[in-house]
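# Residue-level structure breakdown
Residue-level listing of the chains:
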Amino acid sequence: MPEQTDSASRRLLGRLRDTLAEPGAGQERLDRITHIIAEQMGTDVCSIYLFRDPDTLELCATEGLKPEAVHQTRLRVGEGLVGRVAKTARPINTGNAPQERGFRYMPETGEEVFSSFLGVPVQRLGVRLGVLVVQSKEGRQYSDDEVYALEVVAMVLAEMTELGAFIGEGEALTALHSRPAMLRGTVAQEGVAMGHAWLHEPRVVVTQPIADDPATEMARLNEAVDKLRITVDEMLNAAPDGDNEQLQVLEAYRMFANSRGWKRRMEEDIARGLSAEAAVEKEQSAARARMQTVPDPYLRERLHDLDDLSNRLLRILTGQGERTGAERPADPILIARNIGPGELLDYGRSLRGIVLEEGAVGSHAAIVARALAIPLIVHAGRVTTEALNGDPVLVDGEQGIVHLRPEETVASAFRDKMAMQAKAVKRYAAIRNEPALTLCGTRVALTMNAGLMADLPSLESSGAEGVGLFRTELQFLVRTKVPRRSELAQLYARVIDAAQGKRVVFRTLDIGSDKVLPYMKRREEPNPALGWRAIRVGLDRPGVMRMQIQALIRAANGRPLTLMFPFVAQLDEFRTAREHVLGELEREERLGRVLPEKVEIGAMLETPSMAFAPRQFYEEADFISIGGNDLKQFFFAADRENEHVRRRYDTLNVSFLTLLEQIVKRCEDTGTPLSFCGEDAGRPVEALCFAAIGLRALSMRPASIGPVKNMLRKSDLTEARAVIDAARASGAQSVRPAVMDWLRRRGE
Ligand code: PEP
Ligand code: MG
């Protein structure tokens, strides 16, 4: 344990604490602080610069520079030595400041006479708040102890800034969390939402950064670390065998929890006057700062683990946790670093929107958010540090933008946008019970995609004619072990009940690739999207597939049953899967169970190979459903989850439309019912073009049924077809410009 010296920083912190305890306005406090630091460290100058906006620092208090410069002197990030500290988040310690790269002379401050300069960043958990500087006339290098002391003081300043200790006049002294912030992210589920922030894991607030008695703090830290080690060991014991990823994370936790270096650094911080929680947070801040600069993804992950562990330790030390007593707003926008699918399902439809700092478009959470039709933005920068519980939030799931504490002008524009959408929804409600009948008299069946029991009420409210795609993987994804046959049978039966006679197309388990079951042994595959997934897993490990088929047969209990297999890539795969269904039907009959009144066995067409499959495929499949999301990614060789490429190729590209048209023709030749159930079916312009080339059944998110039906009812497919054909003949890459032009001329 480090010696508990009466070091410079402890004395400094002691005086700082007394000052902070005194009443006073923000400016007064800052002035007193600069005075104390300069006096205690024996420097001629001490200045505090805080951010007034993300690019500009403002001198907010000084001892030693000209007082008139306060709130006048401003620096851009990167400008001068102060700006460089802000930019790099690293201290600068020099005995000859004017010779230092980037030095900028600021006459208004009278600083030319100061040779030595020590600047340290004021930052909290990786969020930069400002720069703390000391300067002296004599050209000396500050000692390590002095650098350390100033860093510790900067940490306390950051903590106090966060707590609002320095609120005063001017931009730089407005309360940190009262400024509007706009964060950019990636859309994982479209839609717009307005509400108030609800932090999944509220941040721990360190209210006492400075402590009286290092011995007590050491004891608190030791006790907390012991508790943490026990928790990590318990988590390791409880982790399922074979889940290498989880085990790896937990092993890393254990390594950190037992790391002497980590503990020693925190003990040193305590010896210098910090409280136990402030010491933990100081280490956490350092890890976060490193996290932002480390390019190696493995190391970044480990720093991440350290960050998680620090959070756990802070919770143990402060007793603060998920249950902070805060009341959940009536219109919650969930804010989290990341969230698992199970946790998200627990929140269910109570959420208006979700914003994740990390996450991924194809993550399980995104799948659940999509199923719940809740707008979701992922990769939203520093959202968990920027947002506080209850902050007003606007989620623009069209542009991928999150507005925190928006200005009134932004909020009112947003309200207008939402009102327009609400009006459109009303218009759609008026045609809910009308068929999707085009002006030329063609009837298109519109069904909905679902994946949860909770989706079923949308059958009624959206006017869907049935469920064109029921994704069955969610029930598997959100559990910790394979669901039992009886559980599945009950659930599927409830889905069929809720559909009240409308057709429900169950898709058998589509796992692998992005959808990895928590209890499934993870295989390292060079390219999982092209790997062991969906029907390939089903056929290689038929146990689960057969169990699912049995559950479906039992759920139908004498009623019609419709099922289809995902990701069929060649005829024999479909044939073998079909044999399994026929085999299970025989077996169930032998067991004396009631068989479905009628069984339809279909295939999803998601790989280009099936567009060219033998005619027998089209004859033997009772129906075919085009999985456009996958078909498109394989057709264009563009990963549907890769932001760099996923929007590059238009669905209305002539090549893709021609492929679809060919599938339509082959189905017409064999009389095979065909539908399209990828996301594109829910986009009105795309849906119109699909109908124009001959598709007569489209399955989509329930919210899309209104807009698509509205578009179809106003359109003449023969005209649309002529526009598409002319565009194709003209050599256009995509028919979209021509179709959009035609729609505009039509008055839309
Ligand atoms: C598809 O690929 O278009 C599809 C509907 O299936 P999923 O999105 O579940 O892969
Ligand atoms: Mg698919």
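As recorded in an unreviewed UniProt entry, the chain goes by phosphoenolpyruvate--protein phosphotransferase and comes from Rhodovulum adriaticum. For the chain, the Subcellular location (unreviewed entry) comment in UniProt is given as "Cytoplasm". Note on the chain: under the UniProt heading Sequence similarities (unreviewed entry), the record states "Belongs to the PEP-utilizing enzyme family."

Attention now goes to the sheet that holds strand β6 (residues 127-136). One open sheet accounts for six strands, arranged β3-β2-β1-β6-β5-β4; its pairing is antiparallel. Both edges of this open sheet fall to β3 (74-76) and β4 (92-94), since each of them pairs with a single strand only. Across the sheet, the axes of successive neighbouring strands diverge by a mean angle of 25°, strand direction being ignored. Across three bridges, the pairing between β4 and strand β5 (residues 116-124) is antiparallel. Pairing of isoleucine 92 across the sheet is with glycine 119, part of β5.

Its place among the elements puts valine 368 in helix α11 (residues 364-372). The class of valine 368 is buried, set by a relative accessible area of 0%. With 90 residues separating them along the chain, valine 368 and alanine 278 place their C-alpha atoms 37 Å apart. Among all residues touching valine 368, those that are not within four sequence positions of it are Pro341, Leu344, Leu345 and Leu474.

Most of strand β13 (residues 392-396) is tucked away, with four of its five residues classed as buried. Direction of pairing for strand β9 (residues 192-199) relative to β13: antiparallel, over a ladder of five bridges. Counterpart to alanine 193 in the pairing with β13 is valine 395. In this structure, β13 lies alongside strand β14 (residues 401-404), joined through four bridges in antiparallel fashion. Its bridge partner being in β14, valine 395 is matched across the sheet by valine 402. The antiparallel pairing of β13 with β14 creates a hairpin that spans four residues between the two strands, and glycine 400 there sits at a positive phi of about 75°.

The rules we used
Residues numbered from 1 in each chain as written. Chains lettered and ligands numbered in written order. Predicted model: local features only at pLDDT ≥ 70, side-chain atom pairs only at ≥ 80, totals over all residues. Heavy atoms only, no water. UniProt positions renumbered as here; feature names shortened; annotations may be inferred. Pairing = 2+ DSSP bridges. Helix = DSSP H or I, 4+ residues; strand = E, 2+ residues; numbered from the N terminus. Axes fitted to C-alpha atoms, helices over the stretch in contact; angles between N-to-C directions. Buried < 20%, exposed > 50% of the residue type's maximum accessible area, 1.4 Å probe, protein only. Contact = heavy atoms within 4.5 Å.

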